[in-house]
Amino acid sequence: MKYQRVLLKLSGEALKDQDNIYDGQKLNQTADQLISMVKDGLQLGIVVGGGNIWRGKLSDELGIEQISGDYMGMMATVMNALALQAVINQKGYAKVVVYSALKIENLTKDYNFYEARDLLAQGYIVIFASGTGYAYFTTDTTAIIRGIEVKADVILMAKNGVSGVYDSDPKQNPEAKLFTKLSYDDIIAKNLHVMDQSAALMAKQAKMKIVVFDMQQPDSLTKIIQGSLTSTIIEE
Ligand code: UDP
């Protein structure tokens with residue numbers, strides 16, 4: 001394995017299908033991959049997004065102020081975290097915890113980075129919900145922050161159906177060129193749409209390595225950990 005402790009950023013998109021906020025098959029396949037990785041000894045933290053349910057950006061259309069919309073988005077990430085936890089649990093892997101940056105006493109643990117590091121070392125799948133707990137952020141930025149806090153070796157940014165960062169949208173342009181290596185400054189200066197600028201700046205400051213890859217490829221996580229999957233590596 002190339003990495004011992006990773007922080008996986010999983011978008012809400014990874015859990016949905018065209019018509020429903022959850023696709024049972026995707027949820028199960030994702031859970032199977034996660035369990036198999038920790039059983040192989042990988043220490044795995046996950047920041048889940050909420051885009052399959054709600055994004056703060058949609059607030060305007062409904063006449064809802066963005067701050068309220070953002071809190072709704074954070075709650076969407078909690079739903080996804082609980083869904084993942086439940087599926088992982090039902091598959092017989094009980095070592096899975098959900099931390100929430102917003103206090104939800106009956107269901108989640110209050111975030112504590114010392115404890116999170118300890119649980120990761122013990123083989124727990126540690127899921128981070130509610131993003132940063134603040135409006136005007138995204139779960140991309142959260143992934144960088146949690147990755148730094150738990151001392152992850154790398155942030156694995158899972159994409160759905162694209163192999164990494166391209167010079168144009170590969171879903172629109174069949175000629176789009178994949179970058180295999182990029183610097184933080186490339187992301188910032190070229191405004192490449194792989195994560196928001198605050199996430200890129202934070203990663204740069206902390207020199208946190210990021211690997212962008214296609215989660216939909218068979219055994220994608222195993223291959224990315226072995227370094228045998230086409231991807232984009234972002235580092236200094
Ligand atoms: N969000 C927020 N603060 C955070 C993280 C998320 O306000 O620290 C809100 C924001 O409205 C965002 C939504 O939660 O649109 C869902 O997160 P995100 O869009 O990052 O999910 P993804 O696209 O990765 O599924």
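Note: the structure precedes this text.
Everything numeric here is computed off the predicted structure, so don't read it as measured data.

(A) View of the packing of aromatic side chains. As enumerated under the stated definition, the model contains 4 aromatic pairs in all. With a centroid separation of 5.8 Å and 90° between ring planes, the pair formed by Y99 and Y111 is classed as edge-to-face. Placement of Y99 in strand β3 (residues 96–100) and of Y111 in the loop between β4 (109–110) and α4 (113–121) is noted, with a sequence separation of 12 residues between them. Given a relative accessible area of 1%, Y99 falls into the buried group. Classification of Y111 as partly exposed rests on a relative accessible area of 22%. Each ring, one from F113 and one from Y114, has its centre 4.4 Å from the other, and the planes form 25°; the classification is stacked. Classification of F113 by relative accessible area gives partly exposed; the value is 29%. Pairwise contacts between aromatic rings join Y99, Y111 and F128 into one cluster. The ring of Y111 carries R146 above its face, with NZ or CZ at 3.7 Å from the centroid.

(B) View of helix α3 (residues 66–90). Compared with an ideal rise of 1.5 Å per residue, which puts 25 residues at 36 Å, α3 spans 36 Å between its outermost C-alpha atoms and is within 8% of the ideal. Following α3 by one or two positions, G92 adopts a phi angle in the positive range, close to 95°.

(C) Representation of the pattern of salt bridges. Counted by the stated rule, this structure contains 9 salt bridges. For D186, the salt bridge is made with K190, and the minimal N-O distance between the two is 3.9 Å. Classification of K190 as partly exposed rests on a relative accessible area of 47%.

(D) Quick peek at the sheet that holds strand β11 (residues 232–234). Here 9 strands make up an open sheet; going across it, the order is β4-β3-β5-β2-β1-β6-β10-β11-β9 and the pairing mixed. Where the open sheet ends on each side, the last strands, each with one partner, are β4 and β9 (181–182). Two strands pair when backbone bridges link them, and β3 and β4 are joined in this way by 2 bridges, in the parallel orientation. Bridge assignment links Y99 to a residue of β4, and that residue is K109.

(E) Highlighting the site of the ligand. In the neighbourhood of the ligand, 20 residues make up the surrounding shell, with K9, D70, T132, Y134 and T139 lying closest. Between the ligand and K9, the relevant distance is 2.7 Å, taken from an oxygen atom to a side-chain nitrogen or oxygen of the residue. If the ligand stood free it would expose 530 Å²; the protein chains cover 94% of that surface. Contributions of two or more residues to the shell around the ligand are made by α3 and α5 (139–149).

(F) Region of the structure containing the nonpolar core. Of all hydrophobic cores here, the largest spans 40 residues; its most connected members are L8, I125 and L156. Grouped together as the second largest cluster of nonpolar side chains are 30 residues, F128, M157, A199 and I234 included.

(G) Geometry of the side chain of D140. The topology assignment puts D140 in helix α5. Judged by relative accessible area, D140 falls into the buried class, the value being 13%. Excluding residues within four positions of it along the chain, D140 makes contact with K9, M157, V194, M195, D196 and A199.

(H) Broad picture of the environment of A86. Counting through the fold element by element, A86 comes out in helix α3. Taking the relative accessible area as the measure of exposure, A86 reaches 30% and is therefore partly exposed.

(I) Up close: the pairing of strand β10 (residues 210–214). Judged by how many residues are buried, β10 sits mostly within the fold: 5 of 5 residues are covered. Examined bridge by bridge, strand β6 (residues 154–159) and β10 share 5 bridges and lie parallel to one another. Following the sheet pairing, K159 is matched in β10 by D214. Sheet analysis places β10 next to β11, joined by 3 bridges and oriented antiparallel.

(J) Structural view of the environment of T222. Mapped onto the elements, T222 comes out in helix α8 (residues 220–226). Assessed through its relative accessible area of 22%, T222 is described here as partly exposed. Separated by 189 residues in the primary sequence, T222 and Q33 have C-alpha atoms spaced 8.0 Å apart. Those residues in contact with T222 that lie beyond four places of it in its chain are Q33 and M37.

Calculation rules
- Residues numbered from 1 in each chain as written.
- Predicted model: local features only at pLDDT ≥ 70, side-chain atom pairs only at ≥ 80, totals over all residues.
- Heavy atoms only, no water.
- Phe/Tyr/Trp six-rings, centres within 6.5 Å; stacked < 30°, edge-to-face > 60°.
- Helix = DSSP H or I, 4+ residues; strand = E, 2+ residues; numbered from the N terminus.
- Buried < 20%, exposed > 50% of the residue type's maximum accessible area, 1.4 Å probe, protein only.
- Lys NZ or Arg CZ within 6 Å of the ring centre and 35° of its normal.
- Expected span 1.5 Å × (residues − 1).
- Salt bridge = Lys/Arg side-chain N within 4 Å of Asp/Glu carboxyl O.
- Pairing = 2+ DSSP bridges.
- Near = heavy atom within 4 Å.
- Polar contact = N/O pair within 3.5 Å; in protein donor to acceptor, adjacent residues only side chain to side chain.
- Areas by Shrake-Rupley, 256 points an atom, 1.4 Å probe, with all protein chains shown as cover.
- Core = buried A, V, L, I, M, F, W, Y, C linked by side-chain atoms within 4.5 Å.
- Contact = heavy atoms within 4.5 Å.

Treat this as a map of the structure, not an account of what it does.
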